[in-house]
Amino acid sequence: SQTIHQWPATLVQPVGSPLSLECTVEGTSNPNLYWYRQAAGRGLQLLFYSVGIGQISSEVPQNLSASRPQDRQFILSSKKLLLSDSGFYLCAWSALSTGNANTIYFGEGSWLTVV
Amino acid sequence: AQSVSQHNHHVILSEAASLELGCNYSYGGTVNLFWYVQYPGQHLQLLLKYFSGDPLVKGIKGFEAEFIKSKFSFNLRKPSVQWSDTAEYFCAVKPGTGRRALTFGSGTRLQVQP
């Protein structure tokens, strides 16, 4: 069965420090990968999605970047965090096959607090 | 671009009451529709989904949702809620073609009082 893991689960970082959140998927090949953010009191916002290694699409301009160095690895980064980067970050994946192409599965999430 | 509106931000019900959470979307083409649930301290889980066919979709834990194309709506319902249904509920829409991601509503926090 497919699984998705992201870490760290919680993170407290000072303003101006770098960020790296990592996500890996197991049990599937060539998944679509996503990073979402859920800010306090708001819904889920798509940040990045990737349809293959090295292929990243950004949905909103921001202080963050994403990379996909391997097929099942997706990394969310920042060189200098802002207070507004605080939130709950979710990695997600969907399969390439037509039967389940439109269902997206989420990881456990990472709580980021920028202080 | 598509958008999703959930008009109820916070709903408080007593156990055994009936539930209906509203969800409206804006997108002119074929859509896939989803409801996700996030229980306190847990990650997002898929509650139910609609791709095509019968517009009345049944999900886990007694939930159902009805797709009304003419109203661009996908409301979530449950005849009798339980305290364990306390959670945040998210409606989401995805264009029916392509590899696009989901667009989520802002969520509805449901609090069920025993």
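Residues numbered from 1 in each chain as written. Chains lettered and ligands numbered in written order. Predicted model: local features only at pLDDT ≥ 70, side-chain atom pairs only at ≥ 80, totals over all residues. Heavy atoms only, no water.

Enquirer: Is there a simple way to think about the overall build of chain A in this case?
Expert: Summing up its helical and strand segments, chain A has zero helices and 11 strands in all. N-terminal to C-terminal, the α/β element order of chain A is β-β-β-β-β-β-β-β-β-β-β. Counting the 115 residues in chain A, one finds 47% classified as buried. Residue pairs at least 24 apart in sequence account for 55% of intrachain contacts in chain A once pairs closer than 6 positions are excluded. (Helix = DSSP H or I, 4+ residues; strand = E, 2+ residues; numbered from the N terminus. Buried < 20%, exposed > 50% of the residue type's maximum accessible area, 1.4 Å probe, protein only. Contact = heavy atoms within 4.5 Å.)

Enquirer: Could you clarify how one ought to interpret the packing of aromatic side chains in this entry?
Expert: For any pair of aromatic rings, the description rests on two quantities: the centre-to-centre distance and the angle between the ring planes. One pass over the full model with this rule turns up 17 aromatic pairs over all chains. Pairing A:Phe88 with A:Trp111 gives two aromatic rings, centres 4.5 Å apart and planes at 35°, and the pair type is tilted. One end of the pair, A:Phe88, is in strand 9 (residues 87-94); the other, A:Trp111, is in strand 11 (residues 110-114), with 23 residues separating them in the sequence. Relative accessible area serves as the criterion here: at 3%, A:Phe88 is assigned to the buried category. A network of ring pairs unites the aromatic residues A:Tyr34, A:Tyr36, A:Tyr49, A:Phe106, B:Phe34, B:Tyr36, B:Phe51, B:Phe90 and B:Phe104 as a single cluster. (Phe/Tyr/Trp six-rings, centres within 6.5 Å; stacked < 30°, edge-to-face > 60°.)

Enquirer: Which parts of the structure should I look at to understand the state of the cysteines?
Expert: All names here are of chain B. Evaluated as defined, the whole model comprises two disulfides over all chains. The disulfide partner of Cys-23 is Cys-91, and the S-S distance across this bridge is 1.9 Å. Its S-S torsion of approximately -65° makes the covalent link between Cys-23 and Cys-91 left-handed. Here Cys-23 is found in the loop between strand 3 (19-21) and strand 4 (24-26), whereas its partner Cys-91 is found in strand 10 (residues 87-95), with 68 residues between them in sequence. Relative accessible area serves as the criterion here: at 0%, Cys-23 is assigned to the buried category. (Disulfide = S-S within 2.5 Å.)

Enquirer: How should I be thinking about the side chain of B:Lys78 in this particular structure?
Expert: By the element assignment, B:Lys78 lies in strand 9 (residues 73-78). A distance of 2.9 Å separates the side chain of B:Lys78 from the side chain of B:Asp85, its partner in a polar contact. (Polar contact = N/O pair within 3.5 Å; in protein donor to acceptor, adjacent residues only side chain to side chain.)

Enquirer: Help me understand the pattern of salt bridges, please; the structure alone is not making it clear to me.
Expert: Side chains that differ in sign of charge can pair as their charged atoms come close. Across all of its chains, the model carries seven salt bridges over all chains by this definition. Measuring nitrogen to oxygen at the nearest pair gives 3.8 Å for the salt bridge that ties A:Arg37 to A:Asp85. Taken together, the positions of A:Arg37 in strand 4 (residues 32-38) and A:Asp85 in the loop between strand 8 (73-78) and strand 9 put the pair 48 residues apart, joining distant regions of the chain. Among the residues examined, A:Asp85 registers a relative accessible area of 3% and is labelled buried. Across the pair B:Arg109 and B:Glu88 runs a salt bridge whose closest N-O atoms are separated by 4.0 Å. With a gap of 21 residues between them, B:Arg109 in strand 12 (residues 108-113) and B:Glu88 in strand 10 connect regions that are remote in the sequence. In this structure B:Glu88 comes out as buried when scored by relative accessible area, which is 17%. In this structure, a network of salt bridges that share partners links the residues B:Lys58, B:Glu64, B:Glu66 and B:Arg77. (Salt bridge = Lys/Arg side-chain N within 4 Å of Asp/Glu carboxyl O.)

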